[in-house]
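Fold and geometry: a report
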Amino acid sequence: MLRLPTHLEREIRDHGAKDYPYECCGAMLGTDGETGREVRALFPLINRRDDSPRNRFSITPEDFRAAERAAAERGLDLLGWYHSHPDHPARPSEFDREHAWPWYSYIIVSVDAGVPKVLTSWLLEDDRSKFEPEEVVPLKNASTGTQG
Amino acid sequence: MAVKVMIPTPLRQFTGKQASIECSAATVGEALGNLTTSFAELRKHLYTDDGRIRSFVNVYLNDEDIRFLDKEHTKTKDGDTISIVPSIAGGLAATLKEIENQR
């Protein structure tokens, strides 16, 4: 279960709309405790796939380290990643699975003709065989914010 | 040579929650080999089926990407730190041409 403050959900959707028709991407910072995961802040990133930004996204090791530092500075964990699927369902592709890591939450937001639609979250099975859906629980009135 | 291998968060579940592992190795490749021998479940996340380091797994010796050194043959010395740094990637299943053909 991933608790996601409603204003951060809106920021992910807005990022997807802003970058349309390209894929947007970013990191999710938060806490991972016995009661589940909670996103506390976002760390929007630049899609580094200049050659194919409409159907691919890429986060470099340097961006990864920057996101890790941003999390550490706030005493948070790097919980996972979000990206958009322009004009495509909010389901992970085979390409997503091949490049995914276990443990992280992967949020996908579909953006149809520039309008953000469905938002889903996924976890990779430990044996890398498939993604399983992760329940997203909206949190209202949380006091969190965007970094970077 | 005694080296320390830093484990990224997603892989710590396969190392008994340890964030770093100390081992003895003369090269980066040997250190990673020792690591995946001790923690077999790590292997499929670091290597392809034909034994190459996955393209989205970056390995650093101290602050240098080993791709710009001698790759897995890069020699280590006492006190070195090896970091496994994930690249994050993904995207649509279809190629751009296929997407345009759907319109």
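Just above sits the structure.
The notes below deal with the structure included here.

The rules behind these values
- Residues numbered from 1 in each chain as written.
- Chains lettered and ligands numbered in written order.
- Predicted model: local features only at pLDDT ≥ 70, side-chain atom pairs only at ≥ 80, totals over all residues.
- Heavy atoms only, no water.
- Helix = DSSP H or I, 4+ residues; strand = E, 2+ residues; numbered from the N terminus.
- Rg over C-alpha atoms; globule rule 2.2 N^0.38 Å.
- Buried < 20%, exposed > 50% of the residue type's maximum accessible area, 1.4 Å probe, protein only.
- Contact = heavy atoms within 4.5 Å.
- Areas by Shrake-Rupley, 256 points an atom, 1.4 Å probe, with all protein chains shown as cover.
- Lys, Arg positive; Asp, Glu negative; His and termini not counted.
- Salt bridge = Lys/Arg side-chain N within 4 Å of Asp/Glu carboxyl O.
- Polar contact = N/O pair within 3.5 Å; in protein donor to acceptor, adjacent residues only side chain to side chain.
- Pairing = 2+ DSSP bridges.
- Axes fitted to C-alpha atoms, helices over the stretch in contact; angles between N-to-C directions.
- Core = buried A, V, L, I, M, F, W, Y, C linked by side-chain atoms within 4.5 Å.
- Phe/Tyr/Trp six-rings, centres within 6.5 Å; stacked < 30°, edge-to-face > 60°.
- Lys NZ or Arg CZ within 6 Å of the ring centre and 35° of its normal.
- Buried area = accessible area lost by both parts, 1.4 Å probe.
- Nonpolar A, V, L, I, M, F, W, Y, C, P; charged D, E, K, R; others polar.

Considerations on the overall build of chain A
Looking only at helices and strands, chain A has three helices and ten strands in total. Start at the N end of chain A and walk to the C end: the helices and strands fall as β-α-β-β-β-α-β-α-β-β-β-β-β. Against the compact-globule benchmark of 15 Å for 148 residues, chain A has a radius of gyration of 14 Å, which places it among compact chains. Projected onto the principal axes, the alpha-carbon positions of chain A cover approximately 35 × 35 × 30 Å. Put simply, chain A has 148 residues, and 53% of those count as buried. Long-range contacts, defined here as pairs at least 24 residues apart, represent 66% of the contacts in chain A between residues at least 6 apart. As presented, chain A carries roughly 6500 Å² of accessible surface, and 47% of it is formed by carbon and sulfur atoms.

A look at the side chain of Asp96(A)
Counting through the fold element by element, Asp96(A) comes out in helix H3 (residues 94-98). Buried within the structure, Asp96(A) lacks any salt-bridge partner; Arg56(A) is the closest side chain of opposite charge, at an N-O distance of 7.2 Å. Only 2.5 Å separates the side chain of Asp96(A) from the backbone nitrogen of Gly91(B), close enough to count as a polar contact. Once residues within four sequence positions are removed from consideration, Asp96(A) is found in contact with Phe57(A), His83(A), His85(A), Arg91(A), Ile108(A), Phe131(A), Gly90(B) and Gly91(B).

Observations regarding the sheet that holds strand S2 (residues 20-24) of chain B
Taking strand neighbours across the sheet as the criterion, the five strands line up as S2-S1-S5-S3-S4 (chain B) in an open arrangement whose pairing is mixed. The open sheet terminates on both sides in strands that have one partner only, identified here as S2 and strand S4 (64-65) of chain B. Of the pairings in the sheet, the one linking strand S1 (residues 2-6) of chain B to strand S5 (residues 81-86) of chain B comprises three bridges and is parallel in character. Bridge pairing in S5(B) places Met6(B) opposite Ser83(B). The sheet contacts of helix H2 (residues 61-73) of chain A involve strand S3 (57-61) and S5 of chain B, and relative to S5(B) the element is tilted by about 95 degrees.

Thoughts on the environment of Met1(A)
Residues and elements named next belong to chain A. Among the secondary structure elements, Met-1 is positioned in the segment before strand S1 (2-5). Residues Met-1 and Val-137 lie 136 residues apart in sequence; the distance between their C-alpha atoms is 7.0 Å. Sequence-distant contacts of Met-1, defined by excluding residues within four places in its chain, comprise Thr-35, Gly-36, Arg-37, Glu-134, Glu-135 and Val-137.

Regarding the nonpolar core
Burial of nonpolar side chains together is a common tendency in soluble globular proteins. With 64 residues, the main nonpolar core has Leu29(A), Trp81(A), Tyr104(A) and Ile88(B) as its most contacted residues. When residues in this core are grouped by element, the largest group, five residues, is from strand S3 (residues 36-45) of chain A.

Re the packing of aromatic side chains
Residues and elements named next belong to chain A. A full pass over the atoms with the stated rule returns six aromatic pairs over all chains. Between Tyr-104 and Tyr-106, the aromatic rings sit 6.4 Å apart at their centres with planes inclined by 80 degrees, giving edge-to-face as the arrangement. By way of ring pairs, the aromatic residues Phe-64, Trp-81, Trp-103, Tyr-104, Tyr-106 and Phe-131 are connected into one cluster. The ring of Trp-103 has Arg-37 lying over it, and the distance from NZ or CZ to the ring centre is 4.2 Å.

Let's talk about the interface of chain B and chain A
It is common to give the size of an interface as the accessible area that goes away when the parts come together. In this complex, chain B contributes 30 residues to the contact, which on the side of chain A involves 33 residues. Between chain B and chain A, the buried area comes to about 2900 Å², and carbon and sulfur atoms account for 59% of it. Considering only the side of chain B, the residues that lose the most area to chain A are Phe56(B), Ile88(B) and Leu92(B), jointly responsible for 25% of the buried surface there. At the junction of chain B and chain A, the tally comes to zero salt bridges. At the boundary of chain B and chain A, one finds seven residue pairs in polar contact (both at pLDDT 80 or more). Looking at the side of chain B that touches chain A, the elements that each hand over two or more residues are helix H2 (43-46), S3, S5, strand S6 (88-90) and helix H3 (96-101) of chain B. A per-class count over the side of chain B that touches chain A returns 15 nonpolar, ten polar and five charged. The pairing of strand S4 (residues 57-59) of chain A with S6(B) spans three bridges and is antiparallel. Bridge assignment links Phe57(A) to a residue of S6(B), and that residue is Gly90(B).

Describing unusual backbone geometry
All names here are of chain A. The omega angle of the peptide bond from Tyr-20 to Pro-21 is 10 degrees, so this bond is cis rather than trans. At Trp-103, a residue that is not glycine, the phi angle is positive and equals roughly 80 degrees. Take Trp-103: it is sitting in the loop between H3 and strand S6 (105-112). Not every positive phi belongs to a glycine, and Ala-113 is a case in point at roughly 50 degrees.

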